[in-house]
Amino acid sequence: MIKIILNADVKKGKINKNIYGHFSEHLGRCIYEGIWVGEDSSIPNVKGFRTDVIEALKKIKIPILRWPGGCFADEYHWMDGIGAKENRPCMINTHWGGVVENNHFGTHEFLEFCELIGAEPYICGNVGSGTVQEMQQWVEYITFDGKSPMADLRRTNGKEGPWSLKYFGVGNENWGCGGNMRAEYYADQYRRYATYVRNFGDNKIYKIAGGASVDDYHWTEVLMREAGKQMDGLSLHYYTRVSKDWSVRGSATEFEENEWFSVLQNAFYMEELVNRHATIMDKYDPEKKIGLIVDEWGTWFGVEPGTNPGFLYQQNTLRDALAAGVHFNIFNNHCDRVQMANIAQMINVLQAVILTEGQKMLLTPTYHVFDMYKVHHDAQLLSMEYESPDYAFGGDKIPRISVSSSQDKDGKIHVSICNLNPSQGADVDIDIRGVAAQSCAGTILTANEMNAKNTFEAPNNITTKVFKNIFLANNHVAGKLPPKSVVMLEII
Ligand code: AHR
C-alpha cells in the first residue's frame, strides 16, 4: 500500500498554465499539412487552417504556442513571410530535410492561428543569422499601434491594429544550431539583441534567453551572471530518448520492457535537471523572478519506417503518455521556478499530440494526457508527503509512481498519479487533510500493451475512460491503479 498524505490546506504556489504549452516548428509536416493546408484545400479549413486540428486543440486549452523554431528560427527572416503569398520568396529549410519552404505560413498566419485556438503566441527571434534591426522591426511590426514604417507595413498587409505579443525568445539553442556560440559570447549577444525588443504602448514583453542543453550548468551560470538582469525567462531543452547515445534512436512503437524502463528513467532525469538549473538560478535570483522555461521537451525516437528522416515523424504510444505524465508532475511540483514548458512538437513531429494523414487526423495518447492534466492549469499546487516504492528493472530502479496535486479556483482537488510499472498494480491510500472530502471521481488512460497506440484505422484504440476502482471513506481515497496507467482523481 502506498500511503500519500495530501495537505489540502497547504498551498505551494500557482501552477502556471503555460507549463502545458506547445511548440510548432517549420519542420516536416508540423506547420504544412498539420496546421496549414491553404484555403483551396479539400481538407475542411478555416481560412486555410485545418478545422479538425483547431477543434482538437481548443479542447485541451493550449495556453501558449512557440514558433517558428527551433533551429529553423535562427535561419528565418520574418519579412519573407508577409504580404501577398505569391510574392513571398522561397527558402531552403536546411535543417529539416532540405525541403523548399514557400513562406505561406508567416507572422499573420501564426498570430491568426493562435487567436483561433485561444493560445498566447510565443515567437522565437533570429540571433544566429539575423540582425538586431530585423528583430527590432519584427516586434515593432507586430505590436506598435502608432505610425511607423513597420506598423504601416502591417496595415498595408491587412492588419490595422497591433497584436498583443507577450512572449519573445531571443534565439534558440545558440550553443548549437543557433550559431555555435560560447555561453560568454551569447550572453553578450543576448544583452544586445534584447535591448531592442521594445515594449510599445501597454504591450509588455517577457524576454526569454536561449538556455542550456540538458546538463550544461556552465551555460546557466554564465547567462544568469552576465545577463540575468535583462531577462524574464531562461530556457532549457531536454529530450527523452532510449539511450544517451544519439546514434541509438530506438523505435517509437516496437520495444520491450528494457526500453520502456530506460525511457521512463530518462523522463525522470528532468527532475534532476530542473533542480540543478534552478539551484544556479536561485543563487542569482533568490526571489525567483526569472522563470525556467522548458521550451523543448518530449520523446525522440527513430522516425516511422519509410518517412523522411529529416521530418522527425514518430508514432506515439502509452509509453509516451507515461513520459508526459512524469514531466507534468515534475513541472507542477517545481512551479515556483518552472513558468513554462513546450512539448516538441504539437503535430506530426516527435512527441506529437496530433498526427495527420491527408484528410485523416488522430489524437495520440500524449494528447489524452494533456486533456486529463488541463485541470491543473493555474491551480494551486498542494503539499503531499509520500514515499514511492521502486520500480526495478535490470539492476536499476526508478520510483514506481509519479504524483502531483492541485486545487482549482472552484475548490476542486485534482491528484494526478502515474503507475510506471508495466506489470504490477499500485494500491494507494490518500489521506486527505485540511478539508472534508465529499466525493471522488477518476479518469484513467491505460491499455493492455505497453506500446498501445492510435492509428488512422483505429483512432480510438487508446483513450481515456472513467476510473471506477476508487473509493472515499473517512477522508481517505483508496484504490488500485492498474499497471502502466495515468490516473486523474477529482476530489470535491
Ligand atoms: O524539436 C526539434 C529540434 O530540436 C529543434 O529545432 C531544436 O531546437 C532542437 O535541437
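It should be emphasised that the depicted structure is a prediction, and the values quoted were computed from it without experimental measurement.

(A) Structural detail: the domain arrangement of the protein. Once the domains are mapped, the protein shows domain 1 (2-8 + 382-491) and domain 2 (14-378). If you average the C-alpha positions of domain 1 and of domain 2, the two centres end up 29 Å apart. Facing the 42 residues of domain 1 at the interface are 40 residues of domain 2. Of the roughly 3300 Å² buried between domain 1 and domain 2, counting both surfaces, carbon and sulfur atoms make up 69%. Interface area lost by domain 1 to domain 2 is led by Phe393, Met450 and Phe456, which between them contribute 23%. Joining domain 1 to domain 2, the criterion identifies zero salt bridges. The tally of links from domain 1 across to domain 2 stands at 14 residue pairs in polar contact (both at pLDDT 80 or more). Contributing elements (two or more residues each) for the side of domain 1 that touches domain 2: β17 (390-393), β18 (396-399), β19 (401-407), β20 (413-419), β22 (440-445) and β26 (485-491). At six residues, the largest contribution of residues to the side of domain 1 that touches domain 2 is made by β19. Residue composition of the side of domain 1 that touches domain 2, grouped by class: 21 nonpolar, 15 polar and six charged.

(B) Expanded view of the sheet that holds β19. If you trace the 10 strands from one edge of the open sheet to the other, you get β23-β22-β26-β20-β19-β16-β1-β21-β25-β24, paired in mixed fashion. Each of the sheet's edge strands pairs with one partner strand only, and the pair in question is β23 (465-466) and β24 (470-473). Across seven bridges, β20 lies against β26 in antiparallel orientation. Note that in β26 the partner of Asn419 across the bridge is Ser485. Against the sheet, helix α8 (residues 318-333) engages β16 (380-386), β19, β20, β22 and β26, with an angle of about 50 degrees to β19.

(C) Expanded view of the environment of Leu472. Relative to the assigned elements, Leu472 resides in strand β24. Separated by 42 residues in sequence, Leu472 and Ile430 place their C-alpha atoms 9.3 Å apart.

(D) The environment of Leu27, seen in detail. Within the secondary structure layout, Leu27 lies in the loop between β2 (21-23) and β3 (45-46). Given a relative accessible area of 2%, Leu27 falls into the buried group. Linking Leu27 and Ala73, residues 46 residues apart in sequence, is a C-alpha distance of 11 Å. Aside from chain neighbours lying at most four places away, what touches Leu27 is Asn93, Trp96, Gly310, Phe311, Leu312, Gln345 and Val349.

(E) A look at the pairing of strand β9 (residues 167-170). With burial as the criterion, each face of β9 is covered, one bearing Tyr167 and Gly169 and the other bearing Phe168 and Val170. Taken together, the four bridges between strand β8 (residues 120-125) and β9 define a ladder with parallel strand orientation. Its bridge partner lying in β9, Tyr122 is registered against Tyr167. In this sheet, strand β10 (residues 206-213) lies alongside β9 in parallel orientation, the contact comprising four bridges. Bridge pairing links Phe168 to Lys207 in β10. Tracing the backbone out of β9, into helix α5 (residues 183-195) and back to the parallel element β10 gives a crossover that is right-handed.

(F) Seen up close, the site of the ligand. Looking at the ligand, there are 13 residues lining it, with Glu25, Cys71, Glu173, Tyr239 and Glu296 nearest. At a separation of 2.9 Å, an oxygen atom of the ligand approaches a polar backbone atom of Cys71. Taking Tyr239, its side chain carries an N or O atom lying 2.7 Å from an oxygen atom of the ligand. Taken together, the residues of the shell around the ligand sort by class into seven nonpolar, three polar and three charged.

(G) View of the packing of aromatic side chains. Inspection of every chain in the model, using the stated rule, returns 28 aromatic pairs. The interplanar angle of 35 degrees and the centroid separation of 5.4 Å between the aromatic rings of Phe72 and Tyr76 together place this pair among those described as tilted. For the residue pair Phe72 and Tyr76, the accessibility class agrees, reading buried in each case. When the centroid spacing of 5.5 Å and the interplanar angle of 80 degrees are considered together, the rings of Trp297 and Phe328 count as edge-to-face. You can see Trp297 sitting in strand β12 (residues 291-299) and its partner Phe328 sitting in helix α8, a full 31 residues away along the chain. Comparing Trp297 with Phe328, the two get one shared label, buried. The ring of Phe23 carries the charged tip of Arg66 above its face, separated from the ring centre by 4.6 Å.

(H) Highlighting the pairing of β19. Judged by how many residues are buried, β19 sits mostly within the fold: seven of seven residues are covered. Pairing analysis gives two bridges linking β16 to β19, with the strands arranged antiparallel. Following the sheet pairing, Leu381 is matched in β19 by Ser406. Taken together, β19 and the strand that follows it, β20, pair antiparallel across an intervening segment of five residues, in which Gly411 is found at a positive phi of about 90 degrees.

(I) Highlighting the state of the cysteines. Enumeration over the complete set of coordinates arrives at one disulfide. Here Cys71 is linked by a disulfide to Cys177, with a sulfur-sulfur distance of 2.2 Å. One quick way to see it: the torsion about the S-S bond of Cys71 and Cys177 is about -85 degrees, and its sign makes the bridge left-handed. Pair noted here: Cys71 is in the loop between β5 (64-67) and β6 (91-93) and Cys177 is in the loop between β9 and α5, with a separation of 106 residues, a long-range link. On the basis of relative accessibility, which here comes to 11%, the residue Cys71 falls in the buried class. Considering cysteine sulfurs only, Cys114 is the nearest to Cys30, which forms no disulfide, with 12 Å between them. The thiol of Cys124 is not disulfide-bonded; the next cysteine sulfur, from Cys177, is found 9.3 Å away.

Conventions we followed
Residues numbered from 1 in each chain as written. Predicted model: local features only at pLDDT ≥ 70, side-chain atom pairs only at ≥ 80, totals over all residues. Heavy atoms only, no water. Domains from an automatic or database assignment. Contact = heavy atoms within 4.5 Å. Buried area = accessible area lost by both parts, 1.4 Å probe. Salt bridge = Lys/Arg side-chain N within 4 Å of Asp/Glu carboxyl O. Polar contact = N/O pair within 3.5 Å; in protein donor to acceptor, adjacent residues only side chain to side chain. Helix = DSSP H or I, 4+ residues; strand = E, 2+ residues; numbered from the N terminus. Nonpolar A, V, L, I, M, F, W, Y, C, P; charged D, E, K, R; others polar. Pairing = 2+ DSSP bridges. Axes fitted to C-alpha atoms, helices over the stretch in contact; angles between N-to-C directions. Buried < 20%, exposed > 50% of the residue type's maximum accessible area, 1.4 Å probe, protein only. Right-handed = clockwise from strand over helix to strand, strands pointing away. Near = heavy atom within 4 Å. Phe/Tyr/Trp six-rings, centres within 6.5 Å; stacked < 30°, edge-to-face > 60°. Lys NZ or Arg CZ within 6 Å of the ring centre and 35° of its normal. Disulfide = S-S within 2.5 Å.

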